[in-house]
Amino acid sequence: MIPQSATQVEPLSLIKHTSLPEDWRVQLREAYRTPQQLLSSLGFSAEQQKLMLADDQGFTTLVPKAFAKKMRPHDPTDPLLLQVLPQAGEAIVDPSFNDDPLEEARFNPMPGIVHKYQGRALLIAAGHCAINCRYCFRRHYPYSDQKRARSEWQQSLSYIEQHPDIEEIILSGGDPLALTDPQLFELITAIEAIPHIKRLRIHSRLPIVLPQRITLELCQRLENCRLTCVLVVHANHANELAIDVAQACERLRQHKVQLLNQSVLLAQINDNLASLKKLSERLFDLGIMPYYLHLPDHVAGTKHFFVSLERGQAIVAQMQACMSGYLVPKLVREEPGKLSKTLYSPA
Ligand SMILES: *Cc1c(COP(=O)(O)O)cnc(C)c1O
Ligand code: SF4
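Residues numbered from 1 in each chain as written. Chains lettered and ligands numbered in written order. Predicted model: local features only at pLDDT ≥ 70, side-chain atom pairs only at ≥ 80, totals over all residues. Heavy atoms only, no water.

**Considering the overall build of the chain**
And then number 1: In terms of regular secondary structure, the chain is built from 13 helices and nine strands.
And then number 2: For the chain, whose C-alpha radius of gyration is 19 Å, the value lies close to the compact-globule estimate of 20 Å for 347 residues.
And then number 3: By its C-alpha atoms, the chain is 55 × 45 × 40 Å across when sized along the principal axes.
And then number 4: The proportion of buried residues among the 347 residues of the chain is 56%.
And then number 5: Taking the intrachain contacts of the chain between residues at least 6 apart in sequence as the baseline, contacts between residues at least 24 apart amount to 83%.
And then number 6: Working note: accessible area of the chain is about 15000 Å², and carbon and sulfur atoms make up 53% of it.
And then number 7: A gap of 3 Å separates the mean positions of the 37 positive and 37 negative side-chain charges of the chain. (Helix = DSSP H or I, 4+ residues; strand = E, 2+ residues; numbered from the N terminus. Rg over C-alpha atoms; globule rule 2.2 N^0.38 Å. Buried < 20%, exposed > 50% of the residue type's maximum accessible area, 1.4 Å probe, protein only. Contact = heavy atoms within 4.5 Å. Areas by Shrake-Rupley, 256 points an atom, 1.4 Å probe, with all protein chains shown as cover. Lys, Arg positive; Asp, Glu negative; His and termini not counted. Charge placed at Lys NZ, Arg CZ, Asp CG, Glu CD.)

Below, the structure is given as structure tokens:
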């Protein structure tokens, strides 16, 4: 059965925006850091909150107001709320769900680099994010060990210099756009100086959850970069893509940054045709091409979001039957020891 709320998408014009500080760093400081703050902002009474609160299992709540404002007040099933609110389901213990299902620790040649696939390497540019997504496969990642001091980038950069087969650097994290512009520009300049690198890819959820991060300075730096720049954003539901996000995307596109999206297929949030169709259509309107739809990983504490491979394939088959081919994302799963992500055809 499809929960009604997951299929309803607010028209852009209905999403209300009270003014937020222009400076994204101020917004980040003012983000909600407890479920109570978040739920109070959505109008839930103390009584209702008591029923909704659950242990956060050591993964703290973090939600920028720009994201919270797109949630429907008084709706405990809101698909944006459920991505960030600790739920009782996080306490479910299942031995097939563990802390490092992708065995990334094994492919970490040194702290800060994941070099698993040919031609491209992930550089962990920042240890933190602007939002904490409850389904995150990195929720157990030892970020404190990976704390990125400038001097540590140097190690990662030397590794890249010594591997001429790497042509593309993927800035990941955490969230690389959680760095300030001066920090990020320093890193980009260093990568640009490595002759065998051709492309710079940034994986970030900030353009979606805190779109004011897309400063003019950032766009200009990416446009002036020697490398071809691709920004892969992360949105899971059309309601995330309100007018402030559209403006950030417009600015990026004006500065010739290619935009792609990756989503995670999540129970309670987007695991139905109507939600994913609306998401793809809205992404395309914003100039973002749907890229990947990730099957959820077996991450401890995320079983309540799990969607099976078979269900994923069935939903993508439904999408393919009624949508333009370029609006249908590739259904993928990351499996340890493979040469690339595993692509699953619709069934
Ligand atoms: C997903 C991923 C990439 C990028 O893979 P593409 O298929 O090129 O998008 C690179 N390295 C790692 C470790 C990844 O998980
Ligand atoms: S923004 Fe990405 S890396 Fe950060 S918590 Fe969310 S899913 Fe995980």
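Next comes the rest of the write-up.
**A few points about the packing of aromatic side chains**
And then number 1: Enumeration over the complete set of coordinates arrives at four aromatic pairs.
And then number 2: Relative to Y326, the ring of F284 lies with its centre 5.1 Å away and its plane at 45°, an arrangement referred to as tilted. Remark: Y326 occurs in the loop between α13 (309-322) and β8 (330-333) and F284 occurs in helix α12 (residues 273-285); sequence separation between them is 42 residues. (Phe/Tyr/Trp six-rings, centres within 6.5 Å; stacked < 30°, edge-to-face > 60°.)

**Structural notes on the pairing of strand β6 (residues 258-264)**
And then number 1: Counting buried positions over the seven residues of β6 gives five, a clear majority of the element.
And then number 2: Alignment of strand β5 (residues 228-234) against β6, held across five bridges, turns out to be parallel. In the sheet register, L231 faces β6, and the bridge partner there is L259.
And then number 3: Running through helix α11 (residues 243-254), the crossover from β5 to the neighbouring parallel element β6 is right-handed.
And then number 4: Note that the unit made of β6, α12 and strand β7 (residues 289-294) has a crossover that is right-handed. (Pairing = 2+ DSSP bridges. Right-handed = clockwise from strand over helix to strand, strands pointing away.)

**What about the site of ligand 2?**
And then number 1: In the neighbourhood of ligand 2, the contacting residues comprise C129, I131, C133, C136, G174, R205 and H234.
And then number 2: Of the residues that constitute the shell around ligand 2, the class distribution is four nonpolar, two polar and one charged. (Near = heavy atom within 4 Å. Nonpolar A, V, L, I, M, F, W, Y, C, P; charged D, E, K, R; others polar.)

**Notes on the pattern of salt bridges**
And then number 1: For the coordinates displayed, the defined rule picks out 21 salt bridges.
And then number 2: Notably, a salt bridge pairs K116 with E334, separated by 2.7 Å at the nearest N-O pair. Separated by 218 residues along the polypeptide, K116 in the loop between β1 (113-114) and β2 (120-124) and E334 in the loop between β8 and β9 (342-344) bring together distant segments of the chain. The pair formed by K116 and E334 is uniform in burial state, with each residue classed as buried.
And then number 3: As a salt-bridge pair, R253 and E250 come within 3.6 Å of each other at their nearest N and O atoms. A residue pair is termed a helical-turn pair when its members lie 3 or 4 positions apart in one helix, as R253 and E250 do in helix α11 at three residues.
And then number 4: Overlapping salt bridges bring together R72, D75 and D78 as one network. (Salt bridge = Lys/Arg side-chain N within 4 Å of Asp/Glu carboxyl O.)

**Overview of the packing of α12 against α13**
And then number 1: Relative orientation of the contacting elements α12 and α13 amounts to 55°, with a least axis distance of 10 Å. Taken together, the axis directions place α12 and α13 in an arrangement best described as oblique. Here α12 and α13 pass one another in a crossing that is right-handed. Packed against α12, whose contacting residues are L273, L276, K277 and S280, the element α13 presents I315, Q318, M319 and C322 at the interface.
And then number 2: Its residues assigned to classes, the contact of α12 with α13 shows five nonpolar, two polar and one charged. (Axes fitted to C-alpha atoms, helices over the stretch in contact; angles between N-to-C directions. Parallel < 35°, antiparallel > 145°, perpendicular 65-115°, else oblique. Left-handed = near helix turned anticlockwise from the far one by under 90°.)

**What about helix α10 (residues 216-223)?**
And then number 1: Of the residues making up α10, those classed as buried are L218, C219, R221 and L222. Along α10, the residues classed as buried sweep out an arc of 160° about the axis, all on the same side.
And then number 2: For α10, the elements touching its buried residues are α8 (181-192), β4 (199-203), β5 and α11. (Arc of directions from axis to C-beta.)

**Points about the environment of N98**
And then number 1: Along the polypeptide, N98 turns up in the loop between α6 (81-84) and β1.
And then number 2: A relative accessible area of 35% places N98 in the partly exposed class.
And then number 3: Spatially, the C-alpha atoms of N98 and H140 are 9.1 Å apart, while their sequence positions differ by 42 residues.
And then number 4: Apart from the residues lying within four places of it in its own chain, the contact partners of N98 are H298, V299 and A300.

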